[in-house]
Amino acid sequence: MWRREAPHVLSTLLRRYGDFTTCEDAVQLALIAAAEQWPREGTPRNPAAWLTRVASRRAVDLLRADAARRDREERAATREPGRASDPADPVESDAPDDTLLLLMLCAHPALTTASQVALMLRAVGGLTTAQIAQCFFVEERTMGQRISRAKRTLAGQGARFEAPTAADLPARLHAVRHAVAAVYAQDHALTERVRGTDPLLAAAALDLARRIHRLAPSDPENAGLLALLLLTHARAPARLDAAGEIVPLAEQDRSRWSPRLIAEGIALIERALPVGPVGPFQLQAAIAAVHAEARSMEDTDWAQILVLYGMLDAVEPAPSVTLGLAVATAEVAGPEAGLEILDRLPEGSHRRQAVTGHLLSRLGRADEAREAFLRAAEGTRSLPEQRYLHRLAGAIRPG
Amino acid sequence: MKYVILIHSNPQPWGHPTPDFLPEHQALPQEEREAGSRAFEEGLAAITERGELVHAEALAAPSSSRLLRWEGDRKVAVDGPYAEGKEHLAGFFLIDVDTAERAEEIAGIFGARGETIELRPVMSGEPDVS
């Protein structure tokens, strides 16, 4: 639990020393020291104060050791003379927005999504480099390199731990939300690949979304993100069968969906939608809410889903949105109308081929449907998805 | 997105780095060969530093492989190589990158005249980040 203190400790250090690379490294060193000492000597009365004190000392050490950065050391020394080593020093109170500033720094536009996600999980999510590496199927060393490089990129960009301008704020918060959604998406890849694994990333993403919503409740998109993740996670228990194979939405045992998460997600999105402006996360959450409220695939209010996908397509078009639009159109206006929408996507897209297979199959065009499923299976990079698509292709009776 | 870069080559005698043992490469002026190997070292250092290189191995001679085949239920082991082809799998690099374009760019670092580089996506099951 004390890993949760990391972002506060990091924020405090950033205020004192300013340099993200040094401060983040110092916090990691303090966490390692805590992991070694606390089980042996007992958890200190004020874990945050302990971590801040130790991390400050490490930061000073790191700054001193780096002769090439002597100018920076001087600046730090003049800013906080002697404070870092005083054990009686009370922990500085962190404005709650510090976590948000930290998240915006991590989701800096100069970084790729993969780097934003890694940095966010370590600096705010409290995951170790080893854990993050496992979640992304790379070695710890590789992930360490990636995180170091991300930090250097930030330093090179002159990215600072400070509030963005009012004009920049919405875009920076939007980038944070996208990175958090990417964390959740990776959880599906992880749970599909490693059966029975802890939903570490799902928990981290939900936790981040909750904190963002708490810190900036006035932006309804933050409620939208949290609602979307809650409603998606509500279906997680039904997403894979006992053998770890993918169960599509239409065949999921809806009694296994979490009513608690659904209730929370629906309440959030219902409160957020009237506030406006309606952004992409609220729209995706609203779509997830319609699915969550339906007792079965047939019982689903597809007309409403179609309207929502139309709005989503207008505000933030993406291939995944076109797919959703095609599925909803097929449910409302028939498979041919759905196929027409799919023409907007490149033919080589395996997701397009998968939906094409479903729609052709409903039209009774068995041979073409099988062909589409096989093409989709060839294009996917996910083994469980490939097995699922092969099963679909194999289940089609010759036309 | 993960990709594996497969180096298909036929160094004579079998050795690494493979270009040093290829006639096409040996025919080049010394400076050009040195520039090539410098570019390779720099490229390798860059993808390591960027956290894009996941793993790499050079493979032993194809003649050192053992092939396992099945005749009905019976397993039959024989000495390699797998195929008497012009080129053999000589080594591989596993990379993890953000785009397909970047993968191709990196693949360009490897291999030399007289070799074939194969770039294959890995079934890593990760969501498309876009």
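About the cut-offs
Residues numbered from 1 in each chain as written. Chains lettered and ligands numbered in written order. Predicted model: local features only at pLDDT ≥ 70, side-chain atom pairs only at ≥ 80, totals over all residues. Helix = DSSP H or I, 4+ residues; strand = E, 2+ residues; numbered from the N terminus. Buried ≥ 20, exposed ≤ 12 C-beta atoms within 10 Å, placed from the backbone. Contact = placed C-beta atoms within 7 Å. UniProt positions renumbered as here; feature names shortened; annotations may be inferred. Pairing = 2+ DSSP bridges. Nonpolar A, V, L, I, M, F, W, Y, C, P; charged D, E, K, R; others polar.

**Regarding the overall build of chain B**
Assigned secondary structure in chain B consists of three helices and six strands. Across its three principal directions, the C-alpha atoms of chain B cover 45 × 45 × 20 Å. Here chain B holds 130 residues, and 23% of them are scored as buried. The contacts in chain B between residues at least 6 apart in sequence include a share of 68% that link residues at least 24 apart.

**A short note on the UniProt feature "domain: YCII-related" (unreviewed entry) in chain B**
Using the residue numbers shown here, the UniProt feature "domain: YCII-related" (unreviewed entry) corresponds to residues 1–107 of chain B. Overall, residues 1–107 of chain B shows 30% helix and 33% strand. The separation of its end C-alpha atoms is 14 Å.

**Here's the deal with the pairing of strand β5 (residues 88–96) of chain B**
All names here are of chain B. Looking at chain direction, strand β1 (residues 2–9) and β5 are connected through eight bridges and run antiparallel. Paired with S9 across the bridge in β5 is H88. Strand direction decides the pairing type here: strand β2 (residues 53–58) and β5, joined by five bridges, are antiparallel. When the bridges of β5 are listed, A58 appears paired with G91.

**Brief notes about the interface of chain A and chain B**
The parts lose accessible area when they come together, and the size of an interface is often stated as this lost area. Of the residues lining the interface, 21 residues belong to chain A; the matching set on chain B comes to 15 residues. Only α6 (113–123), α8 (140–156) and α9 (169–193) of chain A provide two or more residues apiece to the side of chain A that touches chain B. With seven residues, α9 of chain A is the single largest residue contributor to the side of chain A that touches chain B. In terms of residue class, the side of chain A that touches chain B is made up of eight nonpolar, seven polar and six charged.

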